[in-house]
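Structural features, examined
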Amino acid sequence: MDSEQPAIDVKNLTVSYGPVPALLDISLKIDAGQLVGIIGPNGSGKSTLIKSLLGFVKADFGEVQLFGEDVEKAKGRVAYVPQRGSVDWDFPITVREVALMGRYGKQPWWSEMSAEDHDIADYALEQVRMADLRDRQIGQLSGGQQQRVFMARAIAQGGDILLLDEPFAGVDAATERAILDVLESTREAGRTLVVVHHDLATAAEYFDALVLLKQRLFAYGAPEHVLHPELLSEVYEGKLRIFANLQSGQAAGGGV
Ligand SMILES: Nc1ncnc2c1ncn2[C@@H]1O[C@H](COP(=O)(O)OP(=O)(O)OP(=O)(O)O)[C@@H](O)[C@H]1O
Ligand SMILES: [Mg+2]
C-alpha cells in the first residue's frame, strides 16, 4: 500500500557520466507529503539526482523506487520542472499550450484534449499568475515568467511527486513568493516535492527536510541539523560566508 511505502526510496545509488561518479552511494527515503530541498555546490550532483528519480540517467549501481515501484513503472506519477538553461525557448508554442502539455498522456492518443484538460491547464496558469499572458509565445517571456509557465505545466500534470530543479533561480521576490505558495499548496494536497535550491538563507524556512549533496550524501534531515556550520564549510570548502545566527539554528549564507 502507498501509505506504508516511502514516496521515494533511493538505495546505494551511483551514477557516472565518465570516469568520476556524479553521485556515489546515495541512500535516502522521502515520505509522501514532504517538501524536501536539495542543496550543494555547483556540480555536486543535484540535477543528476533529480534525473535519476525520473529515470533519465542510468544507475551504475543501486536503484530508485517510487511508491515501492521501479521508476519506469511509476513514471506517470512524476511531474518535473527542469533547470532553466536546459530548455529551448525558441520553440514556437504559447503559454497555454505549454500548460496543456502537462495533460498529454492523460488520455488515449486518438482523443482531443477535453474541456476538463483545458480547465486544469488554465487553473494551473492562474495559480502561477500567468493566465493573463496565456496567448503569448514562450520565447517572448522574461526568465521568471518562463519559469512559472513550466511550473504550471507540472501542476497541470498532477502527479504524486513533483520534482523542481532550481525553480527560484533568477526570479524576483514576488515571483519567489508565488512559487512558494504553489509548492506549499501542492504539499497540502498530499503530494511529495523535491526541490533543488541554492539559497541557504531561505532553505530552513522553505523546506521540511534538506539533502546536502556533494557527490556523496553529506547530510539529510531537519534543516537545523543539515545547516550545520562545520558541515557546510566542508561541503562548500570554506567559500561560504557563515553568519553568526547559524548558531541559533537559522542559516544565512551565500557567496558560494
Ligand atoms: N550529460 C553530462 N555528461 C557529462 N557529465 C555530466 C553531464 N551532466 C552532468 N555532468 C557532470 O556531473 C556532475 C554533476 O552535475 P549536475 O548537473 O548533477 O550538478 P548540479 O549539482 O545540478 O550543478 P548546478 O548547481 O551547477 O546545477 C558535474 O561534474 C557535471 O559536470
Ligand atoms: Mg543542476
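Up top is the structure these notes are about.
Residues numbered from 1 in each chain as written. Chains lettered and ligands numbered in written order. Predicted model: local features only at pLDDT ≥ 70, side-chain atom pairs only at ≥ 80, totals over all residues. Heavy atoms only, no water.

**Section: the overall build of the chain**
Secondary structure assignment for the chain yields 9 helices and 10 strands. Per-residue burial for the chain yields a buried fraction of 48% across its 256 residues. By sequence separation, contacts in the chain at least 24 residues apart represent 65% of the contacts at least 6 residues apart. Surface accessibility of the chain: about 12300 Å² in total, with carbon and sulfur atoms responsible for 49%. (Helix = DSSP H or I, 4+ residues; strand = E, 2+ residues; numbered from the N terminus. Buried < 20%, exposed > 50% of the residue type's maximum accessible area, 1.4 Å probe, protein only. Contact = heavy atoms within 4.5 Å. Areas by Shrake-Rupley, 256 points an atom, 1.4 Å probe, with all protein chains shown as cover.)

**What about the pairing of strand 7 (residues 161–165)?**
Here strand 7 lies mainly inside the structure; 5 of its 5 residues are buried. Residues Ile161, Leu163 and Asp165 line one face of strand 7 and the alternating positions Leu162 and Leu164 line the opposite face, and both faces are buried. Across 4 bridges, strand 6 (residues 78–81) lies against strand 7 in parallel orientation. Looking at strand 7, one finds that Val81 is bridged to Leu164. After leaving strand 7, the chain enters helix 6 (residues 173–188) and then returns to the sheet as strand 8 (residues 192–196), a path that is right-handed. (Pairing = 2+ DSSP bridges. Right-handed = clockwise from strand over helix to strand, strands pointing away.)

**A few points about the coordination of the magnesium ion (ligand 2)**
The protein atoms donating to the magnesium ion (ligand 2) are Ser47 (OG) and Gln83 (OE1), with metal-donor distances spanning 2.1 to 2.3 Å. Highlighted residues: Ser47 in helix 1 (residues 46–54) and Gln83 in the loop between strand 6 and helix 3 (95–101), separated in sequence by 36 residues. The exposure class of Gln83 is partly exposed, given its relative accessible area of 31%. (Donors = N, O, S within 2.8 Å, 3.2 Å for Na, K, Ca; no water.)

**Quick word on the sheet that holds strand 2 (residues 21–30)**
The strand order 2-1-4-5 describes an open sheet built from 4 strands, whose pairing is antiparallel. Looking at the sheet topology across the chains shown, the edges are occupied by strand 2 and strand 5 (69–70). Against the sheet, helix 1 makes contact with strand 1 (8–16), strand 2 and strand 4 (61–66), and its axis sits at roughly 120 degrees relative to strand 1, the strand it touches most. (Axes fitted to C-alpha atoms, helices over the stretch in contact; angles between N-to-C directions.)

**Focus: the packing of aromatic side chains**
Following the criterion strictly, the structure yields 3 aromatic pairs and no others. When the ring of Phe56 is compared with that of Tyr80, the centres are 5.7 Å apart and the planes differ by 80 degrees; the resulting orientation is edge-to-face. Taken together, the residues Phe56 in the loop between helix 1 and strand 4 and Tyr80 in strand 6 connect sequence positions 24 residues apart. Residue Phe56 is classed as partly exposed on the basis of its relative accessible area, which comes to 49%. What makes Tyr80 buried here is its relative accessible area of 15%. (Phe/Tyr/Trp six-rings, centres within 6.5 Å; stacked < 30°, edge-to-face > 60°.)

**Here's the deal with the pattern of salt bridges**
This structure, assessed with the given rule, holds 13 salt bridges. Linking Asp9 and Lys11 is a salt bridge whose minimum nitrogen-to-oxygen distance equals 4.0 Å. Of the charged contacts, one joins Arg77 and Asp160 as a salt bridge, the two residues approaching to 2.7 Å between their closest N and O atoms. Of this pair, Arg77 sits in the loop between helix 2 (71–74) and strand 6 while Asp160 sits in the loop between helix 5 (143–157) and strand 7; the two residues are 83 residues apart in sequence, bridging distant segments of the chain. Look at Arg77 and you get partly exposed, because its relative accessible area is 23%. On the basis of relative accessibility, which here comes to 31%, the residue Asp160 falls in the partly exposed class. Residues joined by salt bridges that share partners form a network here, namely Asp9, Lys11, Lys29 and Glu63. (Salt bridge = Lys/Arg side-chain N within 4 Å of Asp/Glu carboxyl O.)

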